[in-house]
Amino acid sequence: MASYGYQPNPAPQPQSSYSAQNNLNFYQSSYPQQPVSGHSTPFQAAYGAGTQSNAYGASGTANYGFGAFPAQAGASGQMGTGQSGLRTGWLAAFGTEGYEGEPPLLEELGVNFGHIQMKTLTVLNPVARIDQNIMDDADLAGPFLFCALFGTFLLLSGKLWFGYVCGLAALGAFSLNFIFSMMSPPLSQDEMNAAQSQHYGGSSHLSSTLTLGRSSSVLGYCLLPLVFASLLGVLLPLDSLIGYIVVSLAIAWCTYSSSAMFCVVGRMTNMRGLVAYPLALFYVGFGIMAIFSSRGTGRIDAMKAVT
Amino acid sequence: MPQFGGFMNDPTAQMGLQMGQSAMKVGQEYVEQNFNRYINVSALKHYFNVSNRYVLSKTLLVLFPWRHRPWSRSQTNTASPSHNGSTTTQFLPPREDVNSPDMYIPLMAFITYVLLTTLIAGLNGKFEPQLLGMTLSNASVVIILELLVLWLGRYFLNISSESQIYDLVAYSGYKFVGVIVTIAVAAIVNRGKGTGGWVGWTVFAYTFMANAFFLLRSLKYVLLPPDNSPSNPSMQTIARGQRSRRTQFLFVYSYVVQFAFMWWLTALNFTSGVPVVAGGKGIKGRWGR
């Protein structure tokens with residue numbers, strides 16, 4: 001479980017003078033400055049370091065969002081100057097500005113397109129060398145996107161199987177995470193000490209660096225070749241010889257890249273075949289869904305031929 | 001002036017946050033402890049400590065056990081945890097001992113069985129996604145029934161040590177290997193029409209006998225351990241009556257029970273609509289649509 005890493009913030013000088021004026025802070029906070037850890041989200045980094053960032057400068061922003069404070073003096077009559085709070089005016093109402101110094105939405109949500117692209121290219125390149133820290137920010141935005149794409153392409157070829165895709169993905173992620181955390185060798189003691197001190201997010205109980213989030217992330221990213229295969233399935237029925245070959249190649253590609261990632265992240269490099277087999281089974285499940293369908297078995301064509 | 005998120009600057013809010021964090025940590029430890037009471041995670045890790053060579057040789061062993069010579073598990077002497085100078089003997093993990101049971105092969109064989117039946121159904125043009133779930137539930141019922149038999153056997157036979165139960169659970173999964181071979185061979189020969197016909201029955205008979213022999217040889221050491229093995233930690237000699245009872249259980253289990261379950265798993269008929277177990281009704285039959 002990741003710690004939230006919310007660092008206590010000191011009050012900068014302008015803030016304390018303002019609050020001393022308006023008696024808004026209940027207490028003067030006196031926590032020392034602490035560096036923001038690298039594992040906090042950009043949102044927290046921005047707010048943790050917000051007191052130091054130039055975006056704040058001399059002007060703060062009013063805290064309306066949480067309703068924790070009574071209406072401030074800045075709310076009445078000083079708005080529109082940009083000094084505190086949201087800008088007023090109908091032009092600003094239709095704009096996309098928010099509070100000053102607020103990070104962009106995608107950064108707040110933790111969706112980092114650069115990372116997604118890097119991980120996707122790592123999957124697509126079978127001969128890429130995989131860095132051990134590639135999965136440190138295990139995001140699920142990419143995997144969700146790929147699962148949604150897979151379901152959409154199945155929809156375009158005549159099957160409404162989003163639920164089954166979702167169920168298979170969830171069940172597979174849970175069981176594969178269980179299997180790999182059982183199979184990975186236990187951490188040595190100093191590795192565990194290092195992990196604990198950094199709020200690594202690994203599960204100390206199962207003593208592995210594989211968490212459910214990381215496993216799901218790897219599995220989702222490596223689904224990409226099957227997404228391509230299902231895209232092909234929109235155009236031609238996959239229940240033919242060429243369809244079998246394409247899907248088998250896609251499954252092999254998925255298994256190859258995901259076993260490489262799992263071996264690196266779980267430190268199981270000498271058991272790659274044993275790691276690859278459950279992954280192959282997982283992707284075969286998706287492959288079966290992609291191949292066998294109303295369009296794939298030619299049932300739709302048969303129905304059309306009858307009428 | 002207070003900034004956005006400025007309420008977090010208060011010591012009170014900070015204290016609340018710290019309390020929340022520690023509450024979550026305590027909660028998680030509580031959950032993990034109670035989870036650990038039901039499933040001994042560290043004991044399970046022993047069963048997944050496998051290597052490539054072990055998996056290959058064990059799979060061959062399940063299918064061809066006739067000529068394997070020593071069936072006893074190897075033991076090692078390690079220092080006792082209570083540090084009183086004595087040594088306790090423990091079984092070697094599967095990585096180093098081909099006679100040791102593991103849970104990797106049974107689990108993989110189980111999932112492969114589900115996917116293989118679904119694949120063959122799909123090749124016959126009768127795939128539905130519910131089929132994955134149905135086959136999974138079907139095989140899970142077999143496993144649960146077998147666990148029930150083992151659980152009852154544990155009470156009747158006074159099997160005390162916990163690792164023995166895990167061993168029995170692991171051994172019960174090896175029949176899926178034989179089941180997979182039967183289904184695969186029959187599908188290739190019958191062109192996917194099911195496991196009937198004399199080829200299917202011949203292969204089934206062979207894998208059943210191999211599985212029974214394998215279980216007899218292996219479980220002899222689990223159920224009737226020699227006096228100084230780790231599975232007999234209290235060093236009690238098993239009484240004569242109990243010994244014969246255990247032997248009877250072993251025979252009944254290896255032959256009758258396994259035959260029933262393996263037949264249930266392999267008697268698939270792919271031509272009549274949905275691949276149904278012989279005597280079942282399939283999707284449409286059950287819901288009448």
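Residues numbered from 1 in each chain as written. Chains lettered and ligands numbered in written order. Predicted model: local features only at pLDDT ≥ 70, side-chain atom pairs only at ≥ 80, totals over all residues. Heavy atoms only, no water.

Q: In this structure, what is going on with the overall build of chain B? I would like to understand it.
A: Along its length, chain B carries 10 helices and four strands. Counting from the amino terminus, helix and strand elements in chain B follow one another as α-α-α-β-β-α-α-α-α-α-α-β-β-α. Here the analysis covers contacts within chain B between residues at least 6 apart in sequence; of these, 72% occur between residues at least 24 apart. Surface summary for chain B: the accessible area is close to 14600 Å², and the carbon and sulfur share equals 64%. (Helix = DSSP H or I, 4+ residues; strand = E, 2+ residues; numbered from the N terminus. Contact = heavy atoms within 4.5 Å. Areas by Shrake-Rupley, 256 points an atom, 1.4 Å probe, with all protein chains shown as cover.)

Q: How should I be thinking about the UniProt feature "transmembrane region" (unreviewed entry) in chain A in this particular structure?
A: Residues and elements named next belong to chain A. Taking the UniProt record as the reference, the feature "transmembrane region" (unreviewed entry) is found at residues 161-180, 218-236, 242-265 and 274-293. End C-alpha to end C-alpha, residues 161-180 measures 28 Å, and it is 95% helix and 0% strand. Helix makes up 100% of residues 242-265 and strand 0%. Its end C-alpha atoms lie 34 Å apart. (UniProt positions renumbered as here; feature names shortened; annotations may be inferred.)

Q: Mind showing me how you'd approach the UniProt feature "transmembrane region" (unreviewed entry) in chain B here?
A: All names here are of chain B. UniProt tags residues 104-123, 135-156, 168-189 and 195-216 as "transmembrane region" (unreviewed entry). Taken end to end, residues 104-123 has its terminal C-alpha atoms 28 Å apart, with 100% of it in helix and 0% in strand. Taken end to end, residues 168-189 is 91% helix and 0% strand, and its two terminal C-alpha atoms sit 34 Å from one another.

Q: I would appreciate a short explanation of the pattern of salt bridges in the present structure.
A: Taken as a whole, this structure holds two salt bridges over all chains when the rule is applied. Notably, a salt bridge pairs Asp139(A) with Lys119(A), separated by 3.0 Å at the nearest N-O pair. Of this pair, Asp139(A) sits in the loop between helix H5 (113-124) and helix H6 (141-156) while Lys119(A) sits in helix H5, placing them 20 residues apart in sequence. Here Glu146(B) ties to Lys175(B) by a salt bridge, and the two come within 2.2 Å at their closest N and O atoms. Residue Glu146(B) is located in helix H5 (residues 129-157), and its partner Lys175(B) is located in helix H7 (residues 175-190); the two are separated by 29 residues in the primary sequence. (Salt bridge = Lys/Arg side-chain N within 4 Å of Asp/Glu carboxyl O.)

Q: What should I look at first to understand the side chain of Lys45(B) in this one?
A: You can see Lys45(B) is positioned in helix H2 (residues 41-47). Within the local environment of Lys45(B), its side chain forms a polar contact with the backbone oxygen of Ser181(A), the two atoms lying 3.2 Å apart. At 3.4 Å, the side chain of Lys45(B) and the backbone oxygen of Ser184(A) are in polar contact. (Polar contact = N/O pair within 3.5 Å; in protein donor to acceptor, adjacent residues only side chain to side chain.)

Q: Would you mind showing me how to read helix H7 (residues 162-183) of chain A here?
A: An α-helix turns once every 3.6 residues. As a result, residues three or four positions apart point the same way. Between the first and last C-alpha of H7(A) there are 31 Å, a value that for 22 residues agrees with the 32 Å anticipated at 1.5 Å per step. All of the buried residues along H7(A) are Val165(A), Leu168(A), Ala169(A), Gly172(A), Ala173(A), Leu176(A), Asn177(A), Ile179(A), Phe180(A), Ser181(A), Met182(A) and Met183(A). Contacts from the buried residues of H7(A) go to H6, helix H9 (212-221), helix H11 (241-266) and helix H12 (272-291) of chain A together with H2 and helix H4 (104-123) of chain B. (Expected span 1.5 Å × (residues − 1). Buried < 20%, exposed > 50% of the residue type's maximum accessible area, 1.4 Å probe, protein only.)

Q: I keep staring at the nonpolar core and nothing clicks. Help me out?
A: As a rule of thumb, soluble globular proteins bury nonpolar side chains together. Residues Phe180(A), Met183(A), Leu226(A), Tyr283(A), Phe286(A), Tyr104(B) and Tyr113(B) are the most contacted members of the largest nonpolar core, which totals 108 residues. By residue number, the principal contributor to this core is H12(A), which donates 11 residues. In contact with Phe286(A), other than residues within four places in its own chain, are Phe150(A), Val165(A), Leu168(A), Ala169(A), Leu223(A) and Leu226(A). (Core = buried A, V, L, I, M, F, W, Y, C linked by side-chain atoms within 4.5 Å.)

Q: Would you mind showing me how to read the layout of surface pockets here?
A: Sizing a probe to match a water molecule and rolling it over the atoms shows the empty space that remains. Volume-wise, the second largest pocket comes out at about 1500 Å³. In terms of lining residues, the second largest pocket is bounded by 50 residues, among which Ser175(A), Leu107(B), Phe110(B), Ile111(B) and Ile143(B) are the most central. If you list the elements that add at least two residues to the lining of the second largest pocket, you get H7 and H12 of chain A together with helix H1 (11-38), H4, H5, helix H6 (162-172) and H7 of chain B. Considered class by class, the residues forming the lining of the second largest pocket number 37 nonpolar, nine polar and four charged. (1 Å grid on protein atoms, 1.4 Å probe; cavity = no way out; pocket = protein on both sides within 12 Å on 5 of 7 lines; lining within 4 Å. Points joined across faces, edges and corners; volume = space filled by probe spheres on them. Nonpolar A, V, L, I, M, F, W, Y, C, P; charged D, E, K, R; others polar.)

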